[in-house]
Amino acid sequence: MSQEALSLLRALNWLPSTHATLTAPLLDWLMEEDSMTRRFEQHCRQVTVRPMREEFIEADELTDERALLPDDARFWLREIVLCGDDEPWLIGRTLVPESTLNGPEQMLQQLGTRPLGRYLFSSSTLSRDFIEPGSVGALWGRRSRLRLSGKPLLLTELFLPASPLYRDLA
């Protein structure tokens, strides 16, 4: 499921937040400004992370993400499955330009099984440039460009079928 889900994540079609298919309950999830980890914790006993890939990649491995990030040669890539009570709820892909990884932001390379949201939302220097909703088939996702101390990173998330997002839409 994980590799298939990553393929779906990369195939998300980006939509304006005013698109007709984006209902209020759906936008409530997709446009969440706070930590998705915290939001998920309201729906389960424990949120856990299963890292799938954590490594530097070259700029030529990026797709349309390239236009949303600085012109660095290398990027720290982190792909994970976020689970609620051991059920896969979300696939996450984080791209961090190498130029962002100085000072305290070096910790982004050492998150391991720690949710990104726990790190990001504990920082007083966090800001968000945008949230862009997307869909692929019957699944929903989003991407956000965040900044730590003004330095960018790109987070793309795909909500898997077991995610509470879909229960809230029923």
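Residues numbered from 1 in each chain as written. Predicted model: local features only at pLDDT ≥ 70, side-chain atom pairs only at ≥ 80, totals over all residues. Heavy atoms only, no water.

Asks: So, the sheet that holds strand E6 (residues 139-148): which residues are in play, and what are the values?
Replies: With antiparallel pairing, 7 strands are arranged side by side in an open sheet as E1-E5-E6-E7-E4-E3-E2. A single partner strand is all that each edge strand has here, and the edge strands are strand E1 (13-14) and strand E2 (47-58). Here E2 runs beside strand E3 (residues 74-84); their pairing, made up of 11 bridges, is antiparallel. Residue pairing across strands places Val 47 opposite Gly 84, the latter belonging to E3. Lying over the sheet, helix H1 (residues 2-10) contacts E2, E3, strand E4 (87-97), strand E5 (126-136), E6 and strand E7 (151-159), oriented at roughly 55° with respect to E4. (Pairing = 2+ DSSP bridges. Helix = DSSP H or I, 4+ residues; strand = E, 2+ residues; numbered from the N terminus. Contact = heavy atoms within 4.5 Å. Axes fitted to C-alpha atoms, helices over the stretch in contact; angles between N-to-C directions.)

Asks: I'd like a rundown of empty space enclosed by the protein, residues and numbers included.
Replies: Enumeration over the complete set of coordinates arrives at 1 cavity of 30 Å³ or more. Its volume calculated, the largest cavity comes out at about 200 Å³. Going through the elements one at a time, helix H3 (36-41), E3, E4, helix H4 (116-120), E6 and E7 are the ones with two or more residues in the lining of the largest cavity. Among the residues forming the lining of the largest cavity, the class breakdown is 11 nonpolar, 5 polar and 4 charged. (1 Å grid on protein atoms, 1.4 Å probe; cavity = no way out; pocket = protein on both sides within 12 Å on 5 of 7 lines; lining within 4 Å. Points joined across faces, edges and corners; volume = space filled by probe spheres on them. Nonpolar A, V, L, I, M, F, W, Y, C, P; charged D, E, K, R; others polar.)

Asks: Help me get a handle on the pattern of salt bridges, residues and values and all.
Replies: Inspection of every chain in the model, using the stated rule, returns 20 salt bridges. Between Asp 85 and Arg 45 there is a salt bridge; the shortest N-O distance is 4.0 Å. Linking Asp 85 in the loop between E3 and E4 with Arg 45 in the loop between H3 and E2, this pair joins segments that are 40 residues apart in sequence. The residue Asp 129 makes a salt bridge to Arg 145 at a minimum N-O spacing of 2.6 Å. Taken together, the residues Asp 129 in strand E5 and Arg 145 in strand E6 connect sequence positions 16 residues apart. On the accessibility criterion, Arg 145 (18% relative accessible area) is buried. (Salt bridge = Lys/Arg side-chain N within 4 Å of Asp/Glu carboxyl O. Buried < 20%, exposed > 50% of the residue type's maximum accessible area, 1.4 Å probe, protein only.)

Asks: Residues and numbers for the packing of aromatic side chains, please.
Replies: On inspection of all chains with the given rule, the structure shows 5 aromatic pairs. Note on Phe 40 and Phe 159: the rings are 6.3 Å apart at their centroids and 90° apart in plane angle, and the pair reads as edge-to-face. With a gap of 119 residues between them, Phe 40 in helix H3 and Phe 159 in strand E7 connect regions that are remote in the sequence. The same class applies to Phe 40 and to Phe 159, which are both buried. Centre to centre, the rings of Phe 56 and Trp 76 are 5.2 Å apart; their planes meet at 75°, and the pair counts as edge-to-face. Placement of Phe 56 in strand E2 and of Trp 76 in strand E3 is noted, with a sequence separation of 20 residues between them. The partly exposed category is assigned to Phe 56, whose relative accessible area is 25%. Of the residues examined, Trp 76 reaches a relative accessible area of 10% and is grouped as buried. Through pairs of rings, three or more aromatic residues link up here, namely Trp 29, Phe 40, Trp 89 and Phe 159. The ring of Phe 56 has Arg 74 sitting right over it, with the charged end atom 3.8 Å from the ring centre. (Phe/Tyr/Trp six-rings, centres within 6.5 Å; stacked < 30°, edge-to-face > 60°. Lys NZ or Arg CZ within 6 Å of the ring centre and 35° of its normal.)

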